[in-house]
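# Topology and contacts: notes
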Amino acid sequence: MERTIDGELLNIPQHVAIIMDGNGRWARQHHRPRTFGHKKGAAIVEQICDDAWELGIKYLTLYAFSTENWKRPADEVTTLMGLFHQYLVSYLDRMMKQNIRIRIIGDRRGLSQQILDDIERDERESAGNTGLQFNIALNYGSRDEMIRAMQKMAADGHTKPEEITPELFSSYLDTAGMPDPDLLIRTSGEQRISNYLLWQIAYSELYFTPVLWPDFNRDVLLDAIRAYSKRDRRFGGV
Ligand code: FPP
């Protein structure tokens with residue numbers, strides 16, 4: 001979709017996925033414990049949702065906790081899970097006011113009953129909201145998602161080779177029914193995908209910024225969109 005933002009004609013991606021990285025380094029820069037960085041990182045999410053919607057983005061998918069993040073020190077995992085719980089409880093009202101629909105992707109097994117209840121409530125309450133379609137990847141890993149999808153397909157009796165199509169497979173992924181990301185952003189200067197949406201980003205444009213996640217804001221998002229606007233997406237064509 002083309003839109004004029006701050007006097008500039010830009011091509012706005014419909015779906016933006018973000019790998020929120022650099023909370024630990026941000027905390028270190030501020031001489032504080034890593035968990036302080038996660039708290040600040042969680043605190044900016046609300047504003048980023050508003051900015052994304054205002055810029056014309058329809059789907060926003062944030063990588064909050066990977067299937068590999070359980071390897072972190074126990075107190076850090078506990079802080080992160082506490083933050084997710086707090087977030088899912090306290091932002092529901094706001095999501096309802098802002099017409100935001102929230103969905104959680106990832107493996108629900110392994111999450112606490114408290115977080116499962118939060119997810120069930122927030123997804124149910126916001127299911128009819130037609131504004132920003134906001135996804136949080138929680139206990140998410142792309143390989144894990146694909147294996148779970150294949151297991152469900154087999155369990156549903158889709159075992160004949162000729163039945164297996166990209167469309168059928170996509171419909172078993174956690175992102176079923178959503179368009180693929182047009183733009184994937186990773187903060188903090190790392191240039192890796194880290195097992196995020198591997199199937200879905202087949203044709204996504206990639207954007208890496210040195211900005212640490214707690215410093216991410218509308219200007220950085222707009223820079224990413226500017227870069228995206230200049231890209232010539234051919235999807236394998238000429
Ligand atoms: C990466 O920074 C960040 C994470 C593993 C957690 C992301 C979580 C949040 C931003 C907070 C909660 C979000 C929501 C949606 C409530 P890092 O710790 O790997 O940073 P480092 O590489 O500098 O150590």
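Here the residue numbers are simple positions, counted from 1 along each chain's written sequence. With pLDDT at 70 or above as the cut-off, local features in this predicted model cover only qualifying residues; side-chain atom pairs require 80 or more to be listed or tallied, and sums for whole chains, interfaces and linings still use all residues. Note that water and hydrogens are dropped before the side-chain values are worked out from all heavy atoms of the structure.

## Topic: the overall build of the protein
Secondary structure elements follow DSSP: runs of H or I no shorter than four residues count as helices, runs of E no shorter than two count as strands, and numbering proceeds from the N terminus. Within the protein one finds nine helices and eight strands. Within these notes, the globule rule equals 2.2 Å times the number of residues to the 0.38 power, and the radius of gyration is based on C-alpha atoms. Compactness check: the protein gives a C-alpha radius of gyration of 18 Å against a globular reference of 18 Å for 238 residues, within 12% of the reference. If one aligns the C-alpha atoms of the protein with their principal axes, the spans along those axes are about 55 × 45 × 35 Å. Relative accessibility thresholds used throughout: buried, under 20% of the residue-type maximum; exposed, over 50%; partly exposed, between the two (1.4 Å probe, protein chains only). Relative to its 238 residues, the protein shows a buried fraction of 50%. Two residues form a contact once any of their heavy atoms are found within 4.5 Å. For the protein, restricting intrachain contacts to residue pairs at least 6 apart in sequence, the fraction spanning at least 24 positions comes to 75%. Within the structure as shown, the protein displays about 11,800 Å² of accessible surface, and the carbon and sulfur contribution to it stands at 52%. When charges are counted, Lys and Arg contribute as positive and Asp and Glu as negative, whereas His and the chain ends are disregarded. To locate a charge, take NZ of a lysine, CZ of an arginine, CG of an aspartate or CD of a glutamate. Of the side chains in the protein, 30 bear a positive and 34 a negative charge, and the two mean positions are spaced by 4 Å. Note that accessible areas follow from Shrake-Rupley with a 1.4 Å probe, and for residues the cover is restricted to the protein chains shown.

## Examining the packing of helix α4 (residues 74–90) against helix α6 (residues 113–126)
Note on definitions: angles span 0 to 180 degrees between N-to-C directions of axes, and those axes are lines fitted to C-alpha atoms, for helices only across the stretch in contact. Running from N to C, α4 and α6 cross one another at 30°; their axes reach a closest spacing of 10 Å. Taken as axis vectors, α4 and α6 run roughly parallel relative to one another. Considering only the axes of α4 and α6, their crossing is left-handed. Seen from α4, the contacting residues are Met81, Phe84, His85, Leu88 and Val89; seen from α6, they are Gln114, Ile115, Asp118, Ile119, Arg121 and Asp122. For the contact of α4 with α6, the class distribution of residues is six nonpolar, two polar and three charged. Oblique is the label for any angle not covered by the other classes, which are roughly parallel (under 35 degrees), roughly antiparallel (over 145) and roughly perpendicular (65 to 115). Crossing handedness is read from the near helix: turned anticlockwise from the far helix by less than a right angle, it gives a left-handed crossing, and turned clockwise, a right-handed one. Residue classes follow a fixed rule: Ala, Val, Leu, Ile, Met, Phe, Trp, Tyr, Cys and Pro count as nonpolar, while Asp, Glu, Lys and Arg count as charged, and any other residue, Gly among them, counts as polar.

## A few points about the site of the ligand
We call a residue near a given molecule or strand whenever any one of its heavy atoms falls within 4 Å of it. In the neighbourhood of the ligand, 18 residues make up the surrounding shell, with Asp21, Gly24, Arg25, Arg34 and Arg72 lying closest. Polar contact is the term for a pair of N or O atoms within 3.5 Å; when the atoms are in protein, one must be able to donate a hydrogen and the other to accept it, and sequence-neighboring residues count only if both atoms are side-chain atoms. In this structure, an oxygen atom belonging to the ligand sits 3.0 Å away from a main-chain N or O atom of Gly24. At 2.8 Å from an oxygen atom of the ligand is found a side-chain nitrogen or oxygen belonging to Arg34. Starting from 620 Å² of accessible surface for the ligand in isolation, the protein chains cover 92%. Here a cavity is any set of points on a 1 Å grid over the protein atoms alone where a 1.4 Å probe fits but cannot get out, and a pocket is any open set with protein on both sides within 12 Å along at least 5 of 7 lines; a residue lines the site when it has an atom within 4 Å of a point. Cavity and pocket membership follows a simple rule, namely that a molecule belongs there if more than half of its atoms are within 2 Å of the grid points. Placement of the ligand is best described as lying within the largest pocket. Secondary-structure elements contributing two or more residues to the shell around the ligand are α1 (23–29), α2 (34–43) and α4.

## Points about helix α3 (residues 45–55)
All buried positions along α3 are accounted for by Val45, Ile48, Cys49, Asp50, Asp51, Ala52 and Leu55. Phi turns positive one or two residues past the end of α3, at Gly56, with a value near 110°.

## Comments concerning the layout of surface pockets
Put simply, the largest pocket is a space of about 670 Å³. Of all the secondary-structure elements, those providing two or more residues to the lining of the largest pocket are α1, α2, β4 (59–66), α4 and β6 (133–140). The class makeup of the residues in the lining of the largest pocket is 18 nonpolar, eight polar and eight charged. Grid points are joined across faces, edges and corners, and a volume is the space filled by probe spheres set on the points.

## Comments concerning the pairing of strand β5 (residues 101–105)
With four of five residues buried, β5 lies mostly within the body of the structure. What makes two strands pair is DSSP finding at least two bridges between them. Bridge count between β5 and β6: five bridges; the pairing is parallel. When the bridges of β6 are listed, Ile102 appears paired with Phe134.

## Considering the packing of α3 against helix α9 (residues 218–230)
Interhelical geometry of α3 versus α9 gives an angle of 40° and a closest axis separation of 10 Å. Judged on the interaxial angle alone, α9 and α3 are oblique. Taken as a pair, α3 and α9 cross one another with a handedness that is right-handed. Contact residues: α3 offers Asp51, Ala52, Glu54 and Leu55, while α9 offers Arg218, Leu221, Leu222 and Ile225. Residues belonging to the contact of α3 with α9 are distributed by class as follows: five nonpolar, no polar and three charged.

## Topic: the side chain of Ser142
Checked against the element boundaries, Ser142 lands in helix α7 (residues 142–155). On the accessibility criterion, Ser142 (0% relative accessible area) is buried. Among all residues touching Ser142, those that are not within four sequence positions of it are Asn195, Tyr196, Leu197, Leu198 and Trp199.

## Topic: empty space enclosed by the protein
Under the counting rule described, the total for this entry stands at one cavity of 30 Å³ or more. Considered as a void within the structure, the largest cavity measures approximately 40 Å³ in volume. Lining the largest cavity, in full, are Glu46, Cys49, Tyr87, Tyr91, Arg94, Met95, Ile100 and Phe134.

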